[in-house]
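Given next are the chains, with one letter for each unit.
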Amino acid sequence: MKFTELLTPDNIRQGVLCSSKKRLLELVAEILAQQGNLDPHVCFDKLFNREKVGCTCLGNGVAIPHAKLPSGEKPLAVFIQLENPIEFNAADRREVDLFFAIMLPEQQCQTCLPMLQALAQKLTDKSLCKQLRNAKSAVEIWQIFEMVDLQSDT
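Described in the following lines is the structure provided in the data block. This structure is a prediction, so every number in the text was calculated from the model and none was measured.

## Let's talk about the overall build of the protein
Next up, step 1: What the protein contains, in helices and strands, is six helices and six strands.
Next up, step 2: Walking the protein from its N terminus toward its C terminus, one meets helices and strands in the order α-β-α-α-β-β-β-β-β-α-α-α.
Next up, step 3: The C-alpha radius of gyration of the protein comes to 14 Å, within 12% of the 15 Å expected for a compact globule of 154 residues.
Next up, step 4: For the protein, the spread of C-alpha atoms along the principal axes amounts to about 35 × 35 × 25 Å.
Next up, step 5: Evaluated residue by residue, the protein yields a buried proportion of 45% over its 154 residues.
Next up, step 6: For the protein, contacts bridging at least 24 residues in sequence account for 70% of all contacts bridging at least 6.

## Remarks on the packing of helix α5 (residues 126–134) against helix α6 (residues 138–153)
Next up, step 1: Two numbers describe how α5 lies on α6: the axes approach to 9 Å, and their chain directions differ by 160°. As far as their axial angle goes, α6 and α5 are roughly antiparallel. Crossing angle aside, the handedness with which α5 passes α6 is right-handed. Counting all contacts with α5, which are made through Leu128, Gln131, Leu132 and Asn134, the residues of α6 involved are Glu140, Ile141, Ile144, Phe145 and Val148.
Next up, step 2: Tallied by class, the residues present in the contact of α5 with α6 amount to six nonpolar, two polar and one charged.

## Here's the deal with the packing of helix α2 (residues 21–36) against helix α3 (residues 40–53)
Next up, step 1: Where α2 meets α3, the axes come as close as 8 Å, and the angle between the chain directions of the two elements is 135°. Our classification of the angle between α2 and α3 gives oblique. For the pair α2 and α3, the crossing hand works out as right-handed. Side by side, α2 and α3 meet where Lys21, Lys22, Leu25, Glu26, Val28, Ala29, Glu30, Leu32 and Ala33 of the first sit next to Pro40, Cys43, Phe44, Leu47, Phe48 and Glu51 of the second.

## Considerations on the side chain of Lys21
Next up, step 1: Checked against the element boundaries, Lys21 lands in helix α2.
Next up, step 2: Residue classification places Lys21 among the buried residues on the basis of a relative accessible area of 18%.

## A look at α2
Next up, step 1: With 16 residues, α2 ought to run about 22 Å at 1.5 Å a step, and its terminal C-alpha atoms sit 22 Å apart, in line with that.
Next up, step 2: When we look at burial in α2, the residues that qualify are Lys21, Leu24, Leu25, Leu27, Val28, Ala29, Ile31, Leu32 and Ala33.
Next up, step 3: Residues of α2 that are buried sit in contact with β1 (12–16), α3, β5 (76–86) and β6 (96–105).
Next up, step 4: Downstream of α2 by one or two residues, Asn37 has phi in the positive range, about 55°.

## Considering the nonpolar core
Inside soluble globular proteins, nonpolar side chains tend to come together where they are buried.
Next up, step 1: One finds Leu24, Val28, Leu47, Ile80, Leu82, Phe88 and Phe99 to be the most contacted residues of the largest nonpolar core, which totals 28 residues.
Next up, step 2: Per element, the largest residue contribution to this core is eight residues, and it comes from α2.
Next up, step 3: In this view, Phe88 contacts Lys21, Leu24, Leu25, Glu51, Cys55, Thr56, Cys57, Ala63, Pro65, Val96 and Phe99; residues no more than four positions away in its chain are not counted.
Next up, step 4: Of all hydrophobic cores here, the second largest spans 26 residues; its members include Leu6, Ile102, Leu119 and Val148.

Parameters and conventions
Residues numbered from 1 in each chain as written. Predicted model: local features only at pLDDT ≥ 70, side-chain atom pairs only at ≥ 80, totals over all residues. Heavy atoms only, no water. Helix = DSSP H or I, 4+ residues; strand = E, 2+ residues; numbered from the N terminus. Rg over C-alpha atoms; globule rule 2.2 N^0.38 Å. Buried < 20%, exposed > 50% of the residue type's maximum accessible area, 1.4 Å probe, protein only. Contact = heavy atoms within 4.5 Å. Axes fitted to C-alpha atoms, helices over the stretch in contact; angles between N-to-C directions. Parallel < 35°, antiparallel > 145°, perpendicular 65-115°, else oblique. Left-handed = near helix turned anticlockwise from the far one by under 90°. Nonpolar A, V, L, I, M, F, W, Y, C, P; charged D, E, K, R; others polar. Expected span 1.5 Å × (residues − 1). Core = buried A, V, L, I, M, F, W, Y, C linked by side-chain atoms within 4.5 Å.

Listed below in structure tokens is the structure:
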């Protein structure tokens, strides 16, 4: 699955000010809840509890918070670029400023696992991360994801 199949320009946030891991997960939950017409508290609890199990950081300032959706038929996703990185308990001890958050329908978790791994691999590319960090708008981030998806087609 491609970034542009999971995201829309409306689900991308650029230059977000956020003070903590908890506040970031609350913001993610609010955006995902709007997409899926869900309770933001339920989304937050799922994401927060998943982080308790193990940190979703990939290293190099990138994290993929993810959790199971209690209902729904398709994955919900959001991409957030922070203005300033925050502590996220990363194994490399680096603060995180790029977040690709996703909630997967419970019945699709096993089939979506390879997709999640492929997205994680793409997000560990240092060149891609540099472009995402330097982007000055959500539209520019969307265009970067479009380019990545086009390159994966060839």
